[in-house]
Amino acid sequence: MRGNVLFVEDEEALRMTVGDRLRNEGYTVEYAVNGDEGFEKATQLPFDLIILDVMLPKKSGFEVCKQIRDAGLITPVLMLTARGQTSDKVNGLKIGADDYVTKPFNMLELMARVEALLRRAPFRPADQTGVFDFGSIHVDLVGTEAARDGVPVNLSAREFQLLRYFIEHRGATLSREELLRQVWGYNADMYTRTVDVHVAGLRQKLEDDPKQPKFILTVQGLGYKFKA
Ligand code: CA
């Protein structure tokens, strides 16, 4: 699989043609048909890339893009803008889109942009530096070390992997099943309790008040979300 794409577009014909092409190229595609659904799916499911039309019912692509960025999500966004609307391009990039393609577009161009964005490493955990800071916590993702107020924090290898996954997917709601699959490599749902135990461990070591976490949040009925 080359990547998991969310395609937010209200025109059915375009959803079909672009969707088919993406699947033929080896991507998995999920659709949303309006702005509200686009925002919900973008923030609740893990995607490597979001293709977002500007003209959408309920909520414009600009609003969706701004809201997902405000929610802390850093998934790359490719906007589909209307022909000749130069201001659309500027607006889109200003509110956090990573690239844009003008409608009507050439399919090859769209695929090239998609590929380029995905190559750019979908998650930029530490802006090349390999370190990530939140609150009083400093995480060295390369050296696999963490410190709190400058004092080393003793994390187990699994806790560190879990923390890294949270950092790399900050802002996204992550289900216990996904965390198990991605961090432990298990395919079954039977050990979701394992995730809870490790989350509790991380909170104990990283949160000022583990009972009222500020960073590793519980999303009722869905899983967890890391907010930095
Ligand atoms: Ca549209």
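Residues numbered from 1 in each chain as written. Predicted model: local features only at pLDDT ≥ 70, side-chain atom pairs only at ≥ 80, totals over all residues. Heavy atoms only, no water.

Novice: Could you clarify how one ought to interpret the sheet that holds strand S4 (residues 77-81) in this entry?
Specialist: In sheet architecture, strand pairing relies on hydrogen bonds along the backbone and comes in two forms, parallel and antiparallel. Sheet architecture is open: five strands sit in the order S2-S1-S3-S4-S5, paired in parallel fashion. Each edge of the open sheet carries a strand with a single partner, namely strand S2 (27-32) and strand S5 (99-102). Direction aside, neighbouring strands of the sheet carry axes that sit 20 degrees apart on average. Both S4 and S5 contribute to a ladder of four bridges, which runs parallel. Residue pairing for S5: Leu80 is matched across the bridge by Val101. Here helix H1 (residues 12-24) sits on the sheet in contact with strand S1 (3-8), S2 and strand S3 (49-53), set at roughly 160 degrees to S2. (Pairing = 2+ DSSP bridges. Helix = DSSP H or I, 4+ residues; strand = E, 2+ residues; numbered from the N terminus. Axes fitted to C-alpha atoms, helices over the stretch in contact; angles between N-to-C directions. Contact = heavy atoms within 4.5 Å.)

Novice: Sorry if this is basic, but what is going on with the environment of Thr194 here?
Specialist: Here Thr194 lies in helix H8 (residues 192-206). Taking C-alpha positions, Thr194 is 9.5 Å from Trp184, a pair spaced ten residues apart along the chain.

Novice: Just to check I follow, could you spell out the pattern of salt bridges for this structure?
Specialist: Working definition: two side chains of opposite charge can pair if their charged atoms are close together. The full count for this structure, using the stated rule, is 17 salt bridges. A salt bridge links Glu168 to Arg164; the nearest nitrogen and oxygen atoms lie 3.8 Å apart. Placement of the pair is Glu168 and Arg164 together in helix H6 (residues 157-168), with a separation of four residues, close to one helical turn. Judged by its relative accessible area of 19%, Glu168 is buried. For Arg164, a relative accessible area of 27% translates into the label partly exposed. (Salt bridge = Lys/Arg side-chain N within 4 Å of Asp/Glu carboxyl O. Buried < 20%, exposed > 50% of the residue type's maximum accessible area, 1.4 Å probe, protein only.)

Novice: Any chance you could explain the domain arrangement of the chain here in plain terms?
Specialist: Accessible area lost upon the coming together of the parts serves often as the stated size of an interface. Domain parsing of the chain yields domain 1 (4-120) and domain 2 (131-226). Relative to domain 2, the C-alpha centre of domain 1 lies at a distance of 29 Å. Each partner contributes to the interface: domain 1 provides seven residues, whereas domain 2 provides seven residues. Counting each side, the surface lost to burial between domain 1 and domain 2 is near 590 Å², with a carbon and sulfur contribution of 53%. It is Gln44, Pro46 and Ile74 in domain 1 that bury the most area against domain 2; as a group they hold 53% of the surface buried on that side. On inspection of domain 1 and its partner domain 2, the count reaches zero salt bridges. (Domains from an automatic or database assignment. Buried area = accessible area lost by both parts, 1.4 Å probe.)

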